[in-house]
Amino acid sequence: MKATSIIIGVIAVLVIGGLIYVGSQNTSTTPLNGSPTPLTTSTESPVSNQPGNPAVTTSTTVFPTDTTAIVTGTVVPNGSFTSFWFEYGLTSNLGNKTTNQVLGSGYVAITAPNYITGLTKDTTYYYRLVAQNEFGTVTGTTYSFQTTHGNPPPVGSAPGTKTLVATGISRNTANLNGEVTPNRASTQYWFEYGKTANLGNTSAFVNAGDGTAKVSASISLTDLLPLTTYYFRINAQNQFGTVNGAIVNFKTLGPASPSEPTATTRAATGVTSSRATLQGTVNPSGLDTTYWFEYSTDSLLGSVLIQTTDSATITAGTNAVPVTADISGLPGATTYYFRIAAQNSEGTVRGDRMTFKTK
């Protein structure tokens, strides 16, 4: 039991540390059975900035038990949805393979662990990582490991994932949301997103723990384009597997370019002998906007007699927002002229003039 705990602890470090690794270089670590020599020449491809073959690196680190082994490596999808699997066998000819798993389509190196079962105790096995996308299949270097005697398999299973709807959507920002169930194994999640269902962008990797309950997962995106549809999904991974959530989409708000606000004066309400409530609507047109009301007994709303309410701010948006301001201390039986004014970094506008008469 103690040996199993040690293995699971080391695996957690591998998954958490490996998922944030970026690049295509092969930084090998010493496996539990020593430092193996490559048995075949790798056909791995370098990381590129254009869609192409995946880049593959087989790791020399293996975590074997009596009848199972966790093998790993890294894959860079290079701009196209990429699946990976391990080939393994009793000789360097291999002959067996694990089930395919999908990593995504970004340009970031992602850890690719796999859990091999049904092995024989105290036996040498050979293995290598393979990845495939629409541009080709790439084979990593072949290494070997030996199963143990007396170490039981680790406890846990592949994580559960669910993509949820995006929230906090504005012209340039959005929050991506999902759920992850670690299923008793140290698990990390990340989001993929892009302007097509091919995605292509990868978020940072976040630790979801190793519990059995659902964990809320979210990230915030900035610098998005306005009036643009974005697609995204959540992915989660532990030593038992990589699981992809469903792809969903959202559309950022407009306008395409921010502009000066629009302002409309509405009829005053609650008029008494000394008070009134001034009303209007303001559309910020994509920028933080300040508004106020101007009022006077002068029909021209000239600068000498004009009065203004305190200014207030509406955050950036694209919808008309109802606004009001109360004024008091007015003389009775007096006609007042008023209008709404609004200002953002693109300009200042004023609504039409309206009137009311105190009682």
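Residues numbered from 1 in each chain as written. Predicted model: local features only at pLDDT ≥ 70, side-chain atom pairs only at ≥ 80, totals over all residues. Heavy atoms only, no water.

### Quick look at the overall build of the protein chain
Right, on to step 1. The helix and strand tally for the protein chain stands at one helix and 28 strands.
Right, on to step 2. With 359 residues in all, the protein chain has 48% of them scored as buried.
Right, on to step 3. Summarising the internal contacts of the protein chain: among those between residues at least 6 apart in sequence, 70% fall at separations of at least 24.
Right, on to step 4. Only carbon and sulfur atoms are counted for the fraction: they give 50% of the accessible area of the protein chain, which is about 16200 Å². (Helix = DSSP H or I, 4+ residues; strand = E, 2+ residues; numbered from the N terminus. Buried < 20%, exposed > 50% of the residue type's maximum accessible area, 1.4 Å probe, protein only. Contact = heavy atoms within 4.5 Å. Areas by Shrake-Rupley, 256 points an atom, 1.4 Å probe, with all protein chains shown as cover.)

### Things to note about the environment of V62
Right, on to step 1. Looking at where V62 falls in the secondary structure, it is placed in strand 1 (residues 55–64).
Right, on to step 2. The spatial distance from the C-alpha of V62 to the C-alpha of P113 is 9.8 Å, given a sequence separation of 51 residues.

### Quick look at the packing of aromatic side chains
Right, on to step 1. Considering all chains together, one arrives at 13 aromatic pairs under this definition.
Right, on to step 2. On the numbers, 6.3 Å between centres and 40 degrees between planes, the contact of Y127 with Y143 is tilted. Placement of the pair is Y127 in strand 8 (residues 124–133) and Y143 in strand 10 (residues 143–146), with a sequence separation of 16 residues. One exposure class covers both Y127 and Y143, and it is buried.
Right, on to step 3. Through a chain of ring-to-ring contacts, the aromatic side chains of F86, Y125, Y127, Y143 and F145 assemble into a single cluster.
Right, on to step 4. Above the face of the W85 ring, K97 is positioned so that its terminal group lies 4.2 Å from the ring centre. (Phe/Tyr/Trp six-rings, centres within 6.5 Å; stacked < 30°, edge-to-face > 60°. Lys NZ or Arg CZ within 6 Å of the ring centre and 35° of its normal.)

### Digging into the pairing of strand 11 (residues 160–167)
Right, on to step 1. With six bridges connecting them, strand 11 and strand 12 (residues 174–181) associate as antiparallel partners. Looking at the pairing, T167 lines up with N175 of strand 12.
Right, on to step 2. The hairpin turn running from strand 11 into strand 12, its antiparallel successor, is six residues long, and G168 in that turn takes a positive phi close to 60 degrees. (Pairing = 2+ DSSP bridges.)

### Notes on the pairing of strand 2 (residues 69–76)
Right, on to step 1. Burial runs high along strand 2: eight of the eight residues are buried.
Right, on to step 2. The side-chain alternation of strand 2 yields two buried faces, one formed by A69, V71, G73 and V75 and the other by I70, T72, T74 and V76.
Right, on to step 3. Sheet topology places strand 1 next to strand 2; seven bridges connect them, and they run antiparallel. When the bridges of strand 2 are listed, V56 appears paired with V75.
Right, on to step 4. Linking strand 1 back to strand 2 in an antiparallel pair, the connection comprises four residues.
Right, on to step 5. Here strand 2 pairs with strand 7 (residues 114–116) via three bridges, running antiparallel.

### A few points about the sheet that holds strand 21 (residues 276–283)
Right, on to step 1. Taken in spatial order, the three strands line up as 20-21-25 in an open sheet, and their pairing is antiparallel. Strands with a single pairing partner mark the edges of an open sheet, and in this sheet they are strand 20 (262–269) and strand 25 (321–327). Taken pair by pair, the neighbouring strands of this sheet meet at an average axis angle of 25 degrees, ignoring direction.
Right, on to step 2. Pairing of strand 20 with strand 21, which is carried by six bridges, proceeds in the antiparallel orientation. Across the sheet, T264 pairs through a bridge with T281, a residue of strand 21. (Axes fitted to C-alpha atoms, helices over the stretch in contact; angles between N-to-C directions.)

### Side note on the environment of A276
Right, on to step 1. Relative to the elements of secondary structure, A276 occurs in strand 21.
Right, on to step 2. For A276, a relative accessible area of 3% corresponds to the buried category.
Right, on to step 3. Between the C-alpha atoms of A276 and I327, which are 51 residues apart in sequence, the distance is 5.6 Å.
Right, on to step 4. If near-sequence neighbours (up to four positions away) are discounted, A276 is found in contact with T269, G270, V271, A325, D326, I327, L330 and F356.

### Thoughts on the nonpolar core
One recurring pattern in soluble globular proteins: nonpolar side chains tend to sit buried together.
Right, on to step 1. V71, V75, F84, L119, Y127, L129 and F145 are the most contacted members of the largest nonpolar core, which has 22 residues in total.
Right, on to step 2. The leading source of residues in this core is strand 8, at four residues.
Right, on to step 3. Setting aside residues no more than four positions away along its own chain, F84 makes contact with V75, T99, N100, Q101, L103, A112, P113, N114, L129, V130, A131 and T242.
Right, on to step 4. Counting residues in hydrophobic clusters, the runner-up holds 20 residues, among them A268, L278, Y295 and A342. (Core = buried A, V, L, I, M, F, W, Y, C linked by side-chain atoms within 4.5 Å.)

### A few points about the pattern of salt bridges
Right, on to step 1. The final tally for this structure, using the stated rule, is six salt bridges.
Right, on to step 2. D66 serves as the salt-bridge partner of K121, at 3.9 Å between the closest nitrogen and oxygen. Residue K121 is located in the loop between strand 7 and strand 8, and its partner D66 is located in the loop between strand 1 and strand 2; the two are separated by 55 residues in the primary sequence.
Right, on to step 3. We classify K121 as partly exposed; its relative accessible area is 40%.
Right, on to step 4. Taking the shortest distance from any N to any O, the salt bridge between E192 and R233 comes out at 2.8 Å. In this pair, E192 sits in strand 13 (residues 187–194) while R233 sits in strand 17 (residues 229–238), placing the two residues 41 residues apart along the sequence. Each member of the pair, E192 as well as R233, carries the same accessibility label: buried.
Right, on to step 5. Each of E294, R339 and R350 takes part in salt bridges that share partners, so that together they form one network. (Salt bridge = Lys/Arg side-chain N within 4 Å of Asp/Glu carboxyl O.)

What is shown is where atoms sit, not what they do.
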